[in-house]
Amino acid sequence: MASSSSSLAFSLSLLLALILCFSPTQSYKTIGKGYRLVSIEESPDGGFIGYLQVKQKNKIYGSDITTLRLFVKHETDSRLRVHITDAKQQRWEVPYNLLPREQPPQVGKVIGKSRKSPITVQEISGSELIFSYTTDPFTFAVKRRSNHETLFNTTSSLVFKDQYLEISTSLPKEASLYGLGENSQANGIKLVPNEPYTLYTEDVSAINLNTDLYGSHPMYMDLRNVGGKAYAHAVLLLNSNGMDVFYRGDSLTYKVIGGVFDFYFIAGPSPLNVVDQYTQLIGRPAPMPYWSLGFHQCRWGYHNLSVVEDVVDNYKKAKIPLDVIWNDDDHMDGHKDFTLNPVAYPRAKLLAFLDKIHKIGMKYIVINDPGIGVNASYGTFQRAMAADVFIKYEGKPFLAQVWPGPVYFPDFLNPKTVSWWGDEIKRFHDLVPIDGLWIDMNEVSNFCSGLCTIPEGKQCPSGEGPGWVCCLDCKNITKTRWDDPPYKINATGVVAPVGFKTIATSATHYNGVREYDAHSIYGFSETIATHKGLLNVQGKRPFILSRSTFVGSGQYAAHWTGDNQGTWQSLQVSISTMLNFGIFGVPMVGSDICGFYPQPTEELCNRWIEVGAFYPFSRDHANYYSPRQELYQWDTVADSARNALGMRYKILPFLYTLNYEAHMTGAPIARPLFFSFPEYTECYGNSRQFLLGSSFMISPVLEQGKTEVEALFPPGSWYHMFDMTQAVVSKNGKRVTLPAPLNFVNVHLYQNTILPTQQGGLISKDARTTPFSLVIAFPAGASEGYATGKLYLDEDELPEMKLGNGQSTYVDFYASVGNGTMKMWSQVKEGKFALSKGWVIEKVSVLGLRGAGQVSEIQINGSPMTKKIEVSSKEHTYVIGLEDEEENKSVMVEVRGLEMLVGKDFNMSWKMGIN
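A quick note: this is a predicted structure, and the numbers were derived from the prediction, not measured.

(A) Up close: the sheet that holds strand β8 (residues 150-153). One open sheet holds the 4 strands; their spatial order is β5-β6-β7-β8, and the pairing between them is antiparallel. Across the chains shown, the open sheet's two edge strands, defined by having one partner strand only, are β5 (122-125) and β8. Strand-to-strand twist in this sheet, taken as the mean axis angle between neighbours without regard to direction, amounts to 20°. Sheet analysis places strand β7 (residues 138-144) next to β8, joined by 3 bridges and oriented antiparallel. Across the sheet, the residue bridging to Lys143 is Thr150, located in β8.

(B) Spotlight on the state of the cysteines. As enumerated under the stated definition, the model contains 4 disulfides in all. A disulfide bridge connects Cys460 with Cys471, and the sulfur atoms are separated by 1.8 Å. Its S-S torsion of approximately 70° makes the covalent link between Cys460 and Cys471 right-handed. With Cys460 in the loop between β27 (451-453) and β28 (473-475) and Cys471 in the loop between β27 and β28, this pair connects stretches of sequence that are 11 residues apart. Judged by its relative accessible area of 12%, Cys460 is buried. For Cys471, a relative accessible area of 13% puts it in the buried group. Residue pairing for Cys594: its cysteine sulfur links by disulfide to Cys605, the two sulfurs lying 1.9 Å apart. Judged by the torsion about the S-S bond (80°), the Cys594/Cys605 disulfide is right-handed. You can see Cys594 sitting in the loop between β32 (592-593) and α10 (602-612) and its partner Cys605 sitting in helix α10, a full 11 residues away along the chain. Judged by its relative accessible area of 0%, Cys605 is buried. With cysteine numbering restricted to those in disulfides and following the sequence, the chain has the pairing 1-4, 2-6, 3-5, 7-8.

(C) The arrangement of the nonpolar core in detail. Counting 204 residues, the largest nonpolar core has Phe614, Leu692 and Phe696 as its most contacted members. In contact with Leu692, other than residues within four places in its own chain, are Phe614, Ile651, Phe654, Leu655, Leu658, Ile669, Ala670 and Ile698. Membership of the second largest hydrophobic core comes to 45 residues, among which are Ile40, Val82, Leu129 and Phe140.

(D) Focus on the sheet that holds strand β3 (residues 67-76). An order of β1-β2-β3-β4-β17-β14-β13-β11 is seen for the 8 strands of this open sheet, with the pairing classed as antiparallel. Each end of this open sheet is capped by a strand with a single partner; those strands are β1 (35-42) and β11 (176-181). Direction aside, neighbouring strands of the sheet carry axes that sit 15° apart on average. Taken together, the 8 bridges between β3 and strand β4 (residues 79-86) define a ladder with antiparallel strand orientation. Of the residues in β4, the one forming a bridge with Leu70 is Ile84. Each of β3, β4, β13 (217-226), β14 (229-237) and β17 (261-266) touches helix α2 (residues 271-282); the most contacted strand, β14, lies at about 20° to it.

(E) A look at the UniProt feature "glycosylation site" in the chain. The positions that UniProt labels "glycosylation site" are, in the present scheme, Asn153, Asn304, Asn375, Asn476, Asn490, Asn819, Asn888 and Asn907. Its place among the elements puts Asn153 in strand β8. If you trace the backbone, Asn476 turns up in the loop between β28 and α7 (515-518).

(F) Looking closely at unusual backbone geometry. Across the junction of Gly268 and Pro269, the peptide omega takes the value 15°, indicating a cis bond. Checked against the element boundaries, Pro269 lands in the loop between β17 and α2. With an omega of 0°, the peptide bond between Cys460 and Pro461 qualifies as cis. Of note, Pro461 is situated in the loop between β27 and β28.

(G) The side chain of Ser687, seen in detail. Tracing the backbone through its elements, the reader meets Ser687 in the loop between β34 (670-671) and β35 (690-692). Exposure remark for Ser687: the relative accessible area of 9% places this residue in the buried category. Polar contacts involving the side chain of Ser687 include one to the main-chain amide nitrogen of Ile189, which spans 2.7 Å. Not counting chain neighbours up to four residues away, the residues in contact with Ser687 comprise Gly188, Ile189, Ile575 and Ser576.

(H) Quick look at α10. Where burial is concerned, most of α10 is hidden: 9 out of the 11 residues are buried. Listed in full, the buried residues belonging to α10 are Leu604, Cys605, Asn606, Arg607, Trp608, Ile609, Glu610, Val611 and Gly612. Buried-residue contacts for α10 involve β18 (295-297), α9 (568-583), β32, β33 (618-620), α11 (635-650) and β35.

(I) Representation of the UniProt feature "active site" in the chain in the model. Under the UniProt annotation, the feature "active site" is placed at Asp440, Glu443 and Asp563. Taking the farthest pair of C-alpha atoms as the criterion, the annotated set spanning 124 residues converges on one region, since that pair is 13.5 Å apart. Examined against the element boundaries, Glu443 turns out to sit in the loop between β26 (436-439) and β27. Setting aside anything within four residues of it in sequence, one finds Glu443 in contact with Thr201, Glu202, Asp203, Tyr214, His519, Tyr522, Arg547 and Ser548. You can see Asp563 is positioned in the loop between β30 (558-560) and α9. The exposure class assigned to Asp563 is buried, which follows from its relative accessible area of 0%.

(J) Up close: the packing of helix α6 (residues 415-431) against helix α8 (residues 522-538). The contact between α6 and α8 brings their axes to 8 Å, and the two run at 45°. Accordingly, the angle class assigned to the pair α6 and α8 is oblique. Here the hand of the crossing between α6 and α8 comes out right-handed. Residues Val418, Trp421, Gly422, Ile425, Lys426 and His429 of α6 touch α8, and the partners they reach there are Glu526, Ala529, Thr530, Lys532, Gly533, Leu534, Val537 and Gln538. Its residues assigned to classes, the contact of α6 with α8 comprises 6 nonpolar, 5 polar and 3 charged.

(K) Looking closely at the domain arrangement of the chain. Looking at the assigned domains, one finds that the chain contains domain 1 (34-106 + 116-282), domain 2 (290-658) and domain 3 (672-913). Taken over C-alpha atoms, the centre of domain 1 sits 41 Å from the centre of domain 3. For the domain 1 and domain 3 pair, buried surface summed over both sides reaches about 990 Å², with 71% attributable to carbon and sulfur atoms. Our count for the contact surface shared by domain 1 and domain 3 stands at 0 salt bridges. In this structure, the connection of domain 1 to domain 3 is made through 4 residue pairs in polar contact (both at pLDDT 80 or more). Among the secondary structure elements, those contributing two or more residues to the side of domain 1 that touches domain 3 are β11, β13, β14 and α2. For the side of domain 1 that touches domain 3, the element with the highest residue contribution is β13, accounting for 4 residues. The residue inventory of the side of domain 1 that touches domain 3, partitioned by class, reads 8 nonpolar, 4 polar and 3 charged.

(L) Expanded view of the packing of aromatic side chains. Inspection of every chain in the model, using the stated rule, returns 60 aromatic pairs. Look at Trp403 and Phe447: their rings are 4.9 Å apart centre to centre, the planes differ by 80°, and that puts the pair in the edge-to-face class. Of this pair, Trp403 sits in the loop between β24 (399-402) and β25 (405-408) while Phe447 sits in the loop between β26 and β27, placing them 44 residues apart in sequence. Grouping residues by exposure puts Trp403 and Phe447 together as buried. With a centroid separation of 5.4 Å and an interplanar angle of 35°, the aromatic rings of Phe674 and Phe675 are classed as tilted. An aromatic cluster is defined as three or more aromatic residues linked by ring pairs; in this entry it consists of Phe131, Tyr133, Phe138, Phe140, Phe152, Phe160, Tyr254, Phe261, Phe263 and Phe265. A cation over a ring is seen here: Arg619 above Trp438, with NZ or CZ 4.4 Å from the ring centre. If you follow Arg768 out to its NZ or CZ, it ends over the ring of Tyr656, 5.9 Å from the centre.

(M) The arrangement of α11 in detail. Along its 16 residues, α11 runs 22 Å from first to last C-alpha, staying within 8% of the 22 Å computed at 1.5 Å per residue. Buried within α11 we find Val637, Ala638, Ser640, Ala641, Ala644, Leu645, Met647, Arg648 and Tyr649. Taken together, the buried residues of α11 touch β18, α10, β33, α12 (652-665), β36 (696-699) and α13 (764-767).

What counts, and where the lines are drawn
- Residues numbered from 1 in each chain as written.
- Predicted model: local features only at pLDDT ≥ 70, side-chain atom pairs only at ≥ 80, totals over all residues.
- Heavy atoms only, no water.
- Pairing = 2+ DSSP bridges.
- Helix = DSSP H or I, 4+ residues; strand = E, 2+ residues; numbered from the N terminus.
- Axes fitted to C-alpha atoms, helices over the stretch in contact; angles between N-to-C directions.
- Disulfide = S-S within 2.5 Å.
- Buried < 20%, exposed > 50% of the residue type's maximum accessible area, 1.4 Å probe, protein only.
- Core = buried A, V, L, I, M, F, W, Y, C linked by side-chain atoms within 4.5 Å.
- Contact = heavy atoms within 4.5 Å.
- UniProt positions renumbered as here; feature names shortened; annotations may be inferred.
- Polar contact = N/O pair within 3.5 Å; in protein donor to acceptor, adjacent residues only side chain to side chain.
- Parallel < 35°, antiparallel > 145°, perpendicular 65-115°, else oblique.
- Left-handed = near helix turned anticlockwise from the far one by under 90°.
- Nonpolar A, V, L, I, M, F, W, Y, C, P; charged D, E, K, R; others polar.
- Domains from an automatic or database assignment.
- Buried area = accessible area lost by both parts, 1.4 Å probe.
- Salt bridge = Lys/Arg side-chain N within 4 Å of Asp/Glu carboxyl O.
- Phe/Tyr/Trp six-rings, centres within 6.5 Å; stacked < 30°, edge-to-face > 60°.
- Lys NZ or Arg CZ within 6 Å of the ring centre and 35° of its normal.
- Expected span 1.5 Å × (residues − 1).

The structure is reproduced here in structure tokens:
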């Protein structure tokens with residue numbers, strides 16, 4: 001369940017961790033004298049292979065690996081790979097079958113001959129990036145060809161031992177860094193020097209700031225303003241072992257406890273280019289079904305089916321949109337996966353309920369944890385034992401404890417496990433026609449530490465006290481270097497042992513793979529198996545929500561940010577985490593709205609739904625022990641929900657198109673302001689506002705007692721979406737104080753944009769059938785202007801999201817104004833699907849027009865308009881006036897009663913009266 005051992009009892013965990021913890025993390029002093037490059041030559045695949053010899057061995061953190069193999073290749077025009085490993089023996093790497101990518105040449109075959117004469121400094125040039133190196137000691141740098149900026153520059157000796165790898169790069173002080181997650185960043189999205197950045201998947205509550213949490217994404221984006229022009233690039237160290245990353249403002253140091261150095265340098269140069277090139281490598285984000293962009297409601301503590309039915313009815317009575325109802329583990333029989341509680345959730349009644357909600361388009365999702373209860377009468381366990389699918393410790397399944405009590409953990413690196421898991425999903429889907437799966441506790445979480453046995457003579461769990469208290473008989477495991485590595489990462493923020501409250505790191509997976517190496521990809525491997533299982537069962541586009549993520553997880557799943565608190569700080573932090581995951585290639589992301597625990601205040605829940613209504617993944621979720629917090633529980637929160645979610649449901653076509661763009665190019669759905677305004681350095685650290693797409697900005701209230709908000713407006717014209725006659729206009733960018741009473745959220749649309757909307761509704765299935773409107777935003781008062789927009793539509797449960805299948809349509813919209821004439825037109829690709837639905841554009845709203853608002857000579861497709869339509873105009877009111885008062889006189893024109901087919905090209909024009 002979303003609740004975990006850390007949720008309410010993390011203080012106990014911290015206390016135990018402090019008792020068990022090792023010596024403090026070591027200082028930054030360089031270890032050893034590094035390596036010398038003894039040979040380098042071109043390889044048959046177009047890369048370069050070099051060999052490095054250690055200069056002087058030492059025993060700090062273990063023995064140095066004597067000879068290393070360097071492999072350098074420009075894999076694309078914008079991506080450079082630098083791979084360093086043991087020259088003689090294969091080392092652990094992220095499995096190539098889980099994260100498909102080019103494989104470097106095999107090691108151990110040929111060692112290059114040492115050359116007596118020194119190798120001169122050379123460069124290996126690509127289209128965008130240049131790799132240069134020195135030989136003794138070996139260092140390397142990566143530069144951008146266009147402006148000669150150094151992007152990465154190893155500044156100290158390379159360290160490469162079996163269980164300790166270290167490398168550093170220098171950084172200019174003006175570089176703004178983002179990424180290195182997952183953690184809750186109290187200081188906002190921009191990385192702060194001297195904060196701890198540890199990457200190791202842990203079941204640690206998201207309330208713990210700057211601590212390694214549920215995911216591991218060893219990637220950062222670097223944004224610099226060079227001479228007034230912005231350049232972004234990214235660096236990925238593809239390594240699943242635990243690591244500390246020390247960022248000190250002018251340098252960044254990796255300290256990794258295993259694996260290899262497998263660096264990918266992504267050239268950019270814009271932030272959008274970076275995520276495009278990055279997701280080209282790690283996998284494009286998963287296409288999401290249309291309904292998943294609706295609102296979701298969940299709670300740990302819906303004790304029986306009648307409570308769930310009541311929740312659905314109350315949302316309808318309150319006229320608050322709701323698309324998906326969820327069950328935490330309340331539906332299970334004794335917390336066991338793939339089971340139903342026969343008393344609280346009798347199958348016949350549940351099927352009748354699901355039939356009822358499915359008919360109106362609602363969906364149902366349940367939770368699943370990886371721990372399989374050790375219970376001889378439990379079918380899932382019996383089949384798992386027969387298939388031999390569990391992670392082993394000294395030849396026997398590793399015993400742990402989670403919600404069902406004693407459990408074994410499936411080994412998703414084993415192909416047999418993937419097949420067994422898919423079969424269990426099918427069996428459960430036959431039992432209950434679920435619409436998606438929520439995979440939780442997959443860091444992996446364990447309520448115990450060490451080597452455990454089931455106690456004799458007592459029940460475990462006993463049913464007395466919290467379920468997360470360890471009831472197994474356990475002893476610490478420190479006898480191997482895998483359980484007690486020489487270097488201690490800052491795990492859980494207190495240097496806890498790497499096996500603390502998880503699988504012992506000396507346990508083994510398929511083919512002898514150690515948990516020590518594979519720990520942080522557990523959730524990723526489970527996600528892939530779950531995706532495959534759902535796809536095979538349903539034949540539909542899978543929806544999976546995963547707590548633990550790794551590089552590439554976005555290709556299969558959405559993510560929520562885990563166990564947060566009902567506090568103002570958790571609300572603020574949710575924005576930074578959401579924006580980071582967009583950069584990581586996981587655009588379908590959100591936080592528990594109103595907080596997971598404890599109970600939020602009414603005011604906080606008002607403000608949270610005004611933010612959460614615009615998370616890509618929008619879900620209210622609460623803890624078993626917290627009072628009820630569905631959005632209808634308070635009248636004021638219901639008002640805020642109807643307002644904010646009402647806007648969300650109107651812009652669902654826009655959100656779904658962003659979902660398509662994310663799938664095609666990796667573009668985040670929710671983005672930092674600097675994605676659209678990279679030259680405007682004022683927004684580099686802004687974590688209190690965000691964009692949906694390139695031009696839809698949310699400026700929420702994030703502090704208690706505030707009825708106004710100070711918002712940063714990058715240069716241009718911004719129109720308020722709740723009252724489009726209101727505009728904020730600035731030539732050079734400004735901070736503006738905006739009114740924000742309790743049930744009001746500031747949402748603005750940027751100039752040069754065409755936004756497709758519909759009329760909304762209480763469920764996305766109904767909202768999809770309503771007529772379309774286009775909102776066209778020009779620069780305020782401009783005599784000439786140009787705007788563009790786009791719309792993607794499809795049969796949203798098809799497994800693939802693409803054109804060319806006969807069941808999708810894509811439309812580019814264009815508009816221009818000049819010489820007193822307003823024009824708009826469309827270009828449709830594959831209009832058959834939209835035409836089959838009969839979708840029409842009923843209204844057009846044009847913002848920022850210069851003139852008196854008098855419209856004449858309306859033409860559609862070259863002919864005068866004969867149908868009776870309604871035309872209205874209103875003057876814009878400005879928060880900031882333009883410096884040229886003449887330009888300040890502009891109007892909004894609305895044309896209603898149109899019936900232009902979405903699936904057919906159109907062009908429309910009219911003459912504007914000029915003052």
